[in-house]
Amino acid sequence: HDIWDYDVPSAPILADITVDGRRIKAVVQLTKMAFAYVFDRTNGTPVWPIDERPVPQSDVPGEKTSPTQRFPRKPPAFDRQGMSAADVIDFTPEVKEMALKAIEGFRLGPVFTPPSMVDRASGAKGTLTFPGSGGANWEGGAFDPETGFLYVASATRADTAVYGVVKPEPGQTDLSIVGTGSIAPTVQQLPIVKPPWNRITAIDLNKGDQVWQVVNGDTPPAVKNHPLLRGVTVPKTGSTGRAALLLVTRTLLFAGEGYNGQPFFRALDKKTGETIWETQTPVGPPTGVPMTYLYRGKQYVVVAVEGDVATRTASQLVAFTLP
């Protein structure tokens, strides 16, 4: 049963690829675990082997978890998996010390580490792991039929990575154990883990290899201007929000930063991931998957952008084209 919220988040992607000289009608499923599972869609056979590997087991009373989980040998994971003390932010020694203090009491471990008991008396706060509800989500990815490249947007979501269970108060429920809404630790609102927090990955499905990976988005103002980071050169972190929304064309890869991101829309060189154009979007960030269409000989790219409840500004459809 699903104890990590690892339901399949997005529509599968059909991809005709060539592996070791053999043409394969494939289907790709992206996951919140940051794995891309690739199958022959005519018969269900994995294109590359998938191993059943032992994973940590639950010690929650009455809970029984699968002794193994499925790890594809190819392609490699497109986002971080698992959590250790080495993953906390370390912009400065002070920030690192605060981060290490903040994760005290949480269970850390590799991907598929189960939820654990929350107990104030012992100081146990639940399990802190990745990708949490990050990895890929409903935003999915984009496949280029000309090159066989798959483009995946993913997020390292520290804010949704706590899995804890607790004994309920007497009389609340007939269940002996219930989930708890544990809040992930931060360092004065800074994400607890090292950036990048949002990325775009290009995968060659003909080889099962990662071609490039770039940070999606700039460093948010709240991080750039944080009091703890005055005088510190902060690397490009990417958005702290959801995964990007992608559209691949003959020459470009279009990307927005998604929910909670900055209001920018970009065109990337699909061969390298280099940003070659960007523009600020009205009001909020792009929150819908971009699409393209041809009208009277002119190509357009259109994307939905988020409105603003506070200013009662409606969401909008914004179209772009060359002059």
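Predicted, not measured: the structure shown is a model, and the values here were computed from it.

Parameters at a glance
- Residues numbered from 1 in each chain as written.
- Predicted model: local features only at pLDDT ≥ 70, side-chain atom pairs only at ≥ 80, totals over all residues.
- Heavy atoms only, no water.
- Helix = DSSP H or I, 4+ residues; strand = E, 2+ residues; numbered from the N terminus.
- Polar contact = N/O pair within 3.5 Å; in protein donor to acceptor, adjacent residues only side chain to side chain.
- Contact = heavy atoms within 4.5 Å.
- Pairing = 2+ DSSP bridges.
- Axes fitted to C-alpha atoms, helices over the stretch in contact; angles between N-to-C directions.
- Patch = residues over 30% accessible without salt bridge, like charges linked within 9 Å, V, L, I, M, F, W, Y side chains within 5 Å.
- Areas by Shrake-Rupley, 256 points an atom, 1.4 Å probe, with all protein chains shown as cover.
- Salt bridge = Lys/Arg side-chain N within 4 Å of Asp/Glu carboxyl O.
- Core = buried A, V, L, I, M, F, W, Y, C linked by side-chain atoms within 4.5 Å.
- Buried < 20%, exposed > 50% of the residue type's maximum accessible area, 1.4 Å probe, protein only.
- Phe/Tyr/Trp six-rings, centres within 6.5 Å; stacked < 30°, edge-to-face > 60°.
- Lys NZ or Arg CZ within 6 Å of the ring centre and 35° of its normal.

## Quick word on the side chain of Glu-139
At step 1: Residue placement: Glu-139 occurs in the loop between strand E9 (127-128) and strand E10 (141-144).
At step 2: Side-chain polar atoms of Glu-139 contact the side chain of Trp-138, separated by 3.5 Å.
At step 3: Excluding its chain neighbours within four sequence positions, the residues that come into contact with Glu-139 are Arg-242, Ala-243, Ala-244, Leu-245 and Val-289.

## Focus: the sheet that holds strand E19 (residues 252-256)
At step 1: Spatially, the four strands line up as an open sheet ordered E18-E19-E20-E21, and their pairing is antiparallel. Across the chains shown, the open sheet's two edge strands, defined by having one partner strand only, are strand E18 (245-248) and strand E21 (275-280). Between one strand and the next, the sheet's axes are offset by a mean angle of 15°, whatever the strand orientation.
At step 2: Examined bridge by bridge, E18 and E19 share four bridges and lie antiparallel to one another. If you follow Leu-247 over to E19, its bridge partner there is Phe-254.

## Quick look at a nonpolar patch on the surface
At step 1: Taken together, Trp-138, Tyr-259 and Val-289 make up a surface patch of nonpolar side chains, about 260 Å² in accessible area.
At step 2: Along the chain, Trp-138 falls in the loop between E9 and E10.

## Some details on the nonpolar core
At step 1: Within the largest apolar cluster, 23 residues are counted, with the highest numbers of intra-cluster contacts made by Met-83, Ile-89, Leu-128, Val-187, Leu-190, Ile-192 and Leu-229.
At step 2: It is helix H1 (residues 93-102) that provides the largest number of residues to this core, a total of three residues.
At step 3: With residues up to four places along the chain from it excluded, the contact list for Leu-229 reads Phe-91, Val-95, Leu-190, Val-223 and Val-234.
At step 4: Grouped together as the second largest cluster of nonpolar side chains are 20 residues, Ala-15, Ile-24, Val-152 and Ile-203 included.

## Points about the packing of aromatic side chains
At step 1: Applying the stated criterion to the full structure yields 14 aromatic pairs.
At step 2: Ring centres of Tyr-151 and Trp-212 lie 5.8 Å apart, and the angle between their planes is 45°; this geometry places the pair in the tilted category. Pair noted here: Tyr-151 is in strand E11 (residues 149-155) and Trp-212 is in strand E17 (residues 209-215), with a separation of 61 residues, a long-range link. Take Tyr-151 and Trp-212: they sit in the same class, and that class is buried.
At step 3: Considering the side-chain rings of Phe-265 and Trp-277, the 6.3 Å spacing of their centres and the 90° angle between planes classify their relative orientation as edge-to-face. In this pair, Phe-265 sits in strand E20 (residues 264-269) while Trp-277 sits in strand E21, placing the two residues twelve residues apart along the sequence.
At step 4: Judged by relative accessible area, which is 0%, Phe-265 ranks as buried.
At step 5: Put simply, the rings of Trp-4, Tyr-6, Phe-35, Tyr-37, Phe-71 and Phe-112 touch in pairs and so form one group of aromatic residues.
At step 6: The ring centre of Phe-130 lies 5.8 Å from the NZ or CZ of Arg-80, which sits over that ring.

## With respect to the pairing of E10
At step 1: Pairing between E10 and E11: four bridges, direction antiparallel. From the neighbouring strand, Phe-143 faces E11, where its bridge partner is Leu-150.
At step 2: Linking two consecutive strands that pair antiparallel, namely E10 and E11, is a turn of four residues; a positive phi of about 80° is found at Gly-148 within it.

## Focus on unusual backbone geometry
At step 1: Cis peptide bonds are those with omega within 30 degrees of zero, and the linkage from Phe-130 to Pro-131 qualifies with 5°.
At step 2: Examined against the element boundaries, Pro-131 turns out to sit in the loop between E9 and E10.
At step 3: Cis geometry marks the peptide bond from Pro-195 to Pro-196; its omega dihedral reads 5°.
At step 4: Counting through the fold element by element, Pro-196 comes out in the loop between strand E15 (190-191) and strand E16 (198-204).
At step 5: Even without being glycine, Asp-5 reaches a positive phi, approximately 65°.
At step 6: Within the secondary structure layout, Asp-5 lies in the segment before strand E1 (13-19).
At step 7: Positive phi values are uncommon outside glycine, yet Asp-20 reaches one of about 55°.
At step 8: By the secondary structure assignment, Asp-20 is in the loop between E1 and strand E2 (22-30).

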